[in-house]
Amino acid sequence: MIEVNLKKRIPEANIQAEIYHRLKLEGVSRILEYKHLKSRFDIMILEEVGERAFAKGIIEVKSWAKKGREPKWEGAQLQKYGKLGLPVLVCGRWEEIEDAVQWAKGLQSLLV
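Quick caveat: nothing in here was measured; it's all calculated off a predicted structure.

1. Some words on the pairing of strand 1 (residues 30–36)
Two elements, strand 1 and strand 2 (residues 39–49), share 6 bridges in a ladder whose sense is antiparallel. The partner of Lys35 across the bridge, within strand 2, is Arg40.

Okay, structure coming up:
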C-alpha cells in the first residue's frame, strides 16, 4: 500500500479539474490544455459566438505549498502569455479556486 502525503501540496491536475467543474456548473465556456503557437494553456475562458469561439482569458494553474512565502510566477512563460493581450490569472492553491471562478465569470461581461 502507498501512503499519500496530503499535507505537502495539491497536484495541479486536481486544482485544474476543480476549477473546470465549477466553471461548468456556472455555465462558463472553457477549454482545458488548449495549444496555440507553441503554448499550452491550462484553462482558456471562451466566448462562443455562433459556431466560433474566442479566447477571453487564461487561468494558469500552479501547485504551491499550502503555507509559506508568497510564490512568484515569472519568466519566459509569463512574458509569452503577456504578448497575447489576454488577461491571465494564476491559481496555485485550493483556497484560490473560488476567486478564479469569480474572475472567469467576470470575463463574460467583456466584449470580444
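2. Side note on the nonpolar core
Side chains of a nonpolar character, in soluble globular proteins, are inclined to be buried together. Ile19, Leu23, Ile43, Ile45, Ile59 and Cys91 are the most contacted members of the largest nonpolar core, which has 14 residues in total. Of all the secondary structure elements, the ones that give two or more residues to this core are helix 1 (12–26), strand 2, strand 3 (52–61) and helix 3 (97–107). Sort the elements by how many residues they give to this core and helix 3 lands first, with 5 residues. Not counting residues within four places of it along the chain, the set of residues in contact with Ile19 comprises Ile43, Ile59, Val61, Cys91, Ile97, Ala100 and Val101. Phe41, Met44, Ile58 and Tyr81 belong to the second largest nonpolar core, which has 5 residues in total.

Procedures and definitions
Residues numbered from 1 in each chain as written. Predicted model: local features only at pLDDT ≥ 70, side-chain atom pairs only at ≥ 80, totals over all residues. Heavy atoms only, no water. Pairing = 2+ DSSP bridges. Helix = DSSP H or I, 4+ residues; strand = E, 2+ residues; numbered from the N terminus. Core = buried A, V, L, I, M, F, W, Y, C linked by side-chain atoms within 4.5 Å. Buried < 20%, exposed > 50% of the residue type's maximum accessible area, 1.4 Å probe, protein only. Contact = heavy atoms within 4.5 Å.

Purely geometric numbers; function is a separate question.
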